[in-house]
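Coordinate analysis (summary)
Spelled out, the chains give:
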Amino acid sequence: MMLHTGELVAAEQKQLEGHSEFWRLWLENKEKLLSCCYRWLRNDSDKIEDVIAQTCEKAFKAYTRSSAIIENEFAWLCRIAHNLCMDVHRANAKHQDIVNHVSELPNQFYFADNQSTSLENEHLNLSLYNKIIKEIDVLPKELRLVMQYKFMYEMEYNEIASRLQLSPENVRKRVQLARKRLSVLKDEYRVLS
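As the structure is a computational prediction, the values presented were derived from the model and not from experiment.

A word on the environment of lysine 58
Within the fold, lysine 58 resides in helix H3 (residues 45-65). By relative accessible area, lysine 58 is classed as partly exposed at 48%. Placed 26 residues apart in sequence, lysine 58 and leucine 84 show a C-alpha to C-alpha distance of 10.0 Å. For lysine 58, the residues in contact, after removing those within four places along its chain, are Ile80 and Leu84.

Structure below.
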């Protein structure tokens, strides 16, 4: 199984012209390295892909910086890949130790609920917010002012009423009318989310 397509390898070679000798040895040994990594990382293809990429990067840097002659290219690449695989195992073991420690003492650790939002949701919320602001701007002035005071400046109905010299009931009614006009956006948001 190849992790990179022939076109990607060709593009990498073209991008790094002058280093064709490294790419020759990389391409000759990549499949054997993959086989070893599959064994060392127990067929975890995501981690194998990362290790192969890191091996390529480390080997390329070492190859281009050093003038030493590599007698056994596969053994050299294999050692780099093996060390990276062992780093992955050590990181996994460290992670598992932490998980075990926390699991054994649940009363000593506090975990907050994960409240982070995805980038897509953040984008949708920002998009909806911008649409609402635009729609508020095109509302008739009497509705626009009430909505701005209520939702942008978070003023109470009585405060808005005194500022606009209206009754609190009138302010509530205007908020209700403006919400009704903006409800179209709520339906649009449901379709997006």
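Re the nonpolar core
Within the largest apolar cluster, 23 residues are counted, with the highest numbers of intra-cluster contacts made by Phe22, Trp26, Leu33, Cys37, Ile48, Val51 and Ile52. Counting residues per element, the ones that place at least two in this core are helix H2 (20-40), H3 and helix H4 (73-104). Among the elements that take part in this core, H2 stands out by supplying 9 residues, more than any other. The contact partners of valine 51, leaving out residues within four places of it in the chain, are Cys37, Leu41, Ala81, Leu84, Cys85 and Val88. Judged by nonpolar contacts, the second largest core, of 14 residues, contains Met147, Tyr157, Ile160 and Ala178.

Some thoughts on the packing of aromatic side chains
Two measures describe an aromatic ring pair: the distance that separates the ring centres and the angle between the ring planes. Under the definition given, this model contains 7 aromatic pairs. Ring centres of phenylalanine 22 and tryptophan 23 lie 5.1 Å apart, and the angle between their planes is 75°; on these two criteria the pair is classed as edge-to-face. The exposure classification of phenylalanine 22 matches that of tryptophan 23, with both residues buried. Here tryptophan 23 and phenylalanine 60 contribute two aromatic rings whose centre-to-centre distance is 5.8 Å and whose plane-to-plane angle is 25°, an arrangement assigned as stacked. Separated by 37 residues along the polypeptide, tryptophan 23 in helix H2 and phenylalanine 60 in helix H3 bring together distant segments of the chain. Take tryptophan 23: its relative accessible area is 3%, and that puts it in the buried class. On the basis of relative accessible area, phenylalanine 60 is assigned to the buried category, the value being 16%. Through successive ring pairs, a cluster of aromatic residues spans Phe22, Trp23, Trp26, Phe60, Tyr63 and Trp76. If you follow lysine 150 out to its NZ or CZ, it ends over the ring of tyrosine 157, 4.3 Å from the centre.

Rules behind the numbers
Residues numbered from 1 in each chain as written. Predicted model: local features only at pLDDT ≥ 70, side-chain atom pairs only at ≥ 80, totals over all residues. Heavy atoms only, no water. Helix = DSSP H or I, 4+ residues; strand = E, 2+ residues; numbered from the N terminus. Buried < 20%, exposed > 50% of the residue type's maximum accessible area, 1.4 Å probe, protein only. Contact = heavy atoms within 4.5 Å. Core = buried A, V, L, I, M, F, W, Y, C linked by side-chain atoms within 4.5 Å. Phe/Tyr/Trp six-rings, centres within 6.5 Å; stacked < 30°, edge-to-face > 60°. Lys NZ or Arg CZ within 6 Å of the ring centre and 35° of its normal.

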